[in-house]
Amino acid sequence: MEWSLRTAEELIAALRAGAVTSVELTEEAIARIERDDEVINAICVPDFDRARAAAHRADQARARGEDRPLLGVPVTVKESYDIAGLPTTWGMPPHRDYVPAEDAVQVSRLKAAGAVVLGKTNVPLGLQDIQSFNDIYGTTTNPWDRGRTSGGSSGGSAAALASGFGALSIASDIAGSLRTPAHFCGVYAHKPTLGLAATRGMVAPSEPALPTELDLAVVGPMARSARDLTLLLDIMAGPDPLTLGVAHQVALPPARHERLGDFRVLVLDQHPLIPTGSAVRAGVNRVAAALSDGGARVERHSALLPDLTEAATLYMQLLISGSVARFPMDSLEQLRIRVAGLSADDESLDAVRLRALLFSHRDWMEANNRREHHRHGWRRLFAEFDAVVCPITPTPAFPHDHSPNPMERRIDIDGAEHPYFDQLVWAGLATMPGLPATAVPAGRSPEGLPVGVQLIGPMFEDRTPLRLAELLEQKIGGFQAPA
């Protein structure tokens, strides 16, 4: 029996029943990687010797009567997490030889839960692209179409899951980095509420692994089923034991509802700043129809929805100003000249991004204050709705585009070109206010590519979109392996 494409839940049941051993699961996963990954290039840093040893220890522990949540389950970890003894580069050549001495807090939690880490998955340079390629590890391809991207920045993790390289993966998200690869590769992902899961050790190799509170960025689970997302989130959730964890414990509220017919859902398929491609719009409508057929209350409009144009503007301002603070740019004087040359009435997202590169602390504080107004608007909306269904990006996976200046790239939406980074507005809808969002498969495009949607939920009510994802999986189906 082949186990590599089973869910983590199924593997755990089989391990507990004695139907398979961790050594057998691990050897099968390694054999699959060695057979298929030369083309996919998802596993950029294999750790097979230590994985085999961990699997052997897991089997010994189970023989002694031990049982932990992931005992013996093979998993992968995004390259951006520190794992003691393995390189952490973020795809940046100057750091190709950096090897941390300690595990990231989430890697420690994985290991404490009994998981067997197969290795690390590929990322883009500095985690700053919607694709996953870099000069150290090369390009990760999409298992459904090798000529297309697997997404970014967690593209290696999504491609690994779709290919059967481990049952789970831990990754991160600031600009759809969990959700976009899941959408492109046909798997599941969950962007937790901002601050729910500790991030220490998911840090650029030039920086110390400190217990800082990040803005916008989160760490979260990826899987091949909705229930597996919940399983892994329960392991990841919780504050850093060096800071808030001294005094706080996590007690997430239960999902608002258990039955599909009890959910109140707002469905969005149009954005004022970028069109939604026909394949993605069909996926959104497929989910909306399933919700209605299941008895859920489905609405297409609400006066309570925060303004989408301002939300996208705020997101770009916070994202770009924060990014340039971490990765300083050269030629600031030339940048100032370019910004000064912008028309005062140019409110395009290209102009927003350019101006944000020169944000002062006061500019950031003003944007942050406007963000709080949006958060309050979402609280009012979630008094009337339980979740919002919307796109993750406007298109399925697009062809590889490695042109050196991403600001000059374009994304094709049903034959019309748009600025490459404008496609982030849907991901930013949940990221800017810090809301939880679950990416779920929603069918295939006419070309046979996966299409996903996101389920956005109320802050710190992560179990609500996760439960809705489970119910939709039962209603319309979920992960399917690439042909």
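Structure: see above.
To start, this report covers the structure provided alongside it. Per-chain numbering applies: the sequence of each chain, read as written, is numbered from 1 onward. Only residues with pLDDT of 70 or above have their local features reported here, since the model is predicted, and side-chain atom pairs are shown and tallied only from 80 upward, although totals for entire chains, interfaces and linings are computed over all residues. Heavy atoms from the whole structure form the basis of all side-chain values; hydrogens and water molecules are not counted.

With respect to empty space enclosed by the protein
Here a cavity is any set of points on a 1 Å grid over the protein atoms alone where a 1.4 Å probe fits but cannot get out, and a pocket is any open set with protein on both sides within 12 Å along at least 5 of 7 lines; a residue lines the site when it has an atom within 4 Å of a point. Grid points are joined across faces, edges and corners, and a volume is the space filled by probe spheres set on the points. All told, the structure shown has one cavity of 30 Å³ or more when counted by the stated rule. For the largest cavity, the calculated volume is near 70 Å³. A run of H or I in DSSP becomes a helix once it reaches four residues, and a run of E becomes a strand once it reaches two; helices and strands are each numbered from the N terminus. Looking at the lining of the largest cavity element by element, the count peaks at three residues for helix α2 (residues 22-40). The classification used treats Ala, Val, Leu, Ile, Met, Phe, Trp, Tyr, Cys and Pro as nonpolar, Asp, Glu, Lys and Arg as charged, and all other residues, Gly among them, as polar. Counted by class, the lining of the largest cavity contains six nonpolar, three polar and two charged residues.

Overview of the pairing of strand β2 (residues 74-78)
Partly exposed describes any residue whose relative accessible area lies between the buried limit of under 20% and the exposed limit of over 50%, with all areas from a 1.4 Å probe on protein chains only and scaled to the type maximum. A large share of β2 lies buried, amounting to five of its five residues. Of the two faces of β2, the one carrying P74, T76 and K78 and the one carrying V75 and V77 are both buried. Two strands are counted as paired when DSSP detects at least two bridges linking them. Bridging between β2 and strand β3 (residues 116-121) involves four bridges; their strand directions are parallel. Across the sheet, the residue bridging to V75 is V117, located in β3. With the strands pointing away from the viewer, any crossover whose connection runs clockwise from the first strand over the helix to the second is right-handed. This β-α-β element, β2 to helix α4 (residues 105-112) to β3, shows right-handed connectivity.

So, unusual backbone geometry
In this model, G152 is joined to S153 through a cis peptide bond whose omega is 5 degrees. Looking at where S153 falls in the secondary structure, it is placed in the loop between β7 (145-149) and α5 (155-163). Of note in this structure, D414 is not a glycine but carries a positive phi near 50 degrees. Relative to the helices and strands, D414 is located in the loop between β14 (410-413) and β15 (416-419).

Examining the environment of Q131
Note on placement: Q131 falls in the loop between β3 and β4 (133-134). Using a relative accessible area of 1% as the deciding quantity, one classes Q131 as buried. Separated by 158 residues in sequence, Q131 and A289 have C-alpha atoms that sit 31 Å apart. Residues count as neighbours in contact if any of their non-hydrogen atoms are within 4.5 Å of one another. Aside from chain neighbours lying at most four places away, what touches Q131 is P124, T149, G151, G152, F398, P399, H400, D401, H402, R409 and Y420.

Looking at the packing of α4 against helix α7 (residues 226-236)
Axis lines are fitted to C-alpha atoms, over the contacting stretch for helices. Their N-to-C directions set the angle, which ranges from 0 to 180 degrees. Direction vectors running N to C along α4 and α7 enclose 115 degrees, while the axes themselves pass 9 Å from each other. Every pair of crossing elements has a handedness; the one defined by α4 and α7 is right-handed. Residues Q106, R109 and L110 of α4 lie in contact with α7, whose contacting residues are L232, I235 and M236. For the contact of α4 with α7, the residue count by class is four nonpolar, one polar and one charged. When the near helix sits turned anticlockwise from the far one by under a right angle, the crossing is termed left-handed; a clockwise turn instead gives a right-handed crossing.

A closer look at the sheet that holds strand β12 (residues 297-299)
Taken in spatial order, the eleven strands line up as β1-β3-β2-β8-β10-β9-β16-β17-β13-β11-β12 in an open sheet, and their pairing is mixed. Looking at which strands have only one partner, the edges of the open sheet turn out to be β1 (43-46) and β12. Neighbour-to-neighbour, the strand axes of this sheet turn through a mean angle of 30 degrees, independent of strand direction. Bridge count for strand β13 (residues 387-391) against strand β17 (residues 450-456) is four bridges, and the pairing is antiparallel. Paired with V389 across the bridge in β17 is L455. Seen against the sheet, α5 touches β1, β2, β3, β8 (168-173) and β10 (218-223) and runs at an angle of roughly 155 degrees to β8. Most of the contacts of helix α14 (residues 463-476) go to strand β16 (residues 437-444), to which it runs at about 15 degrees, and overall it touches β9 (188-191), β11 (264-267), β13, β16 and β17.

Worth remembering: the numbers are spatial, not functional.
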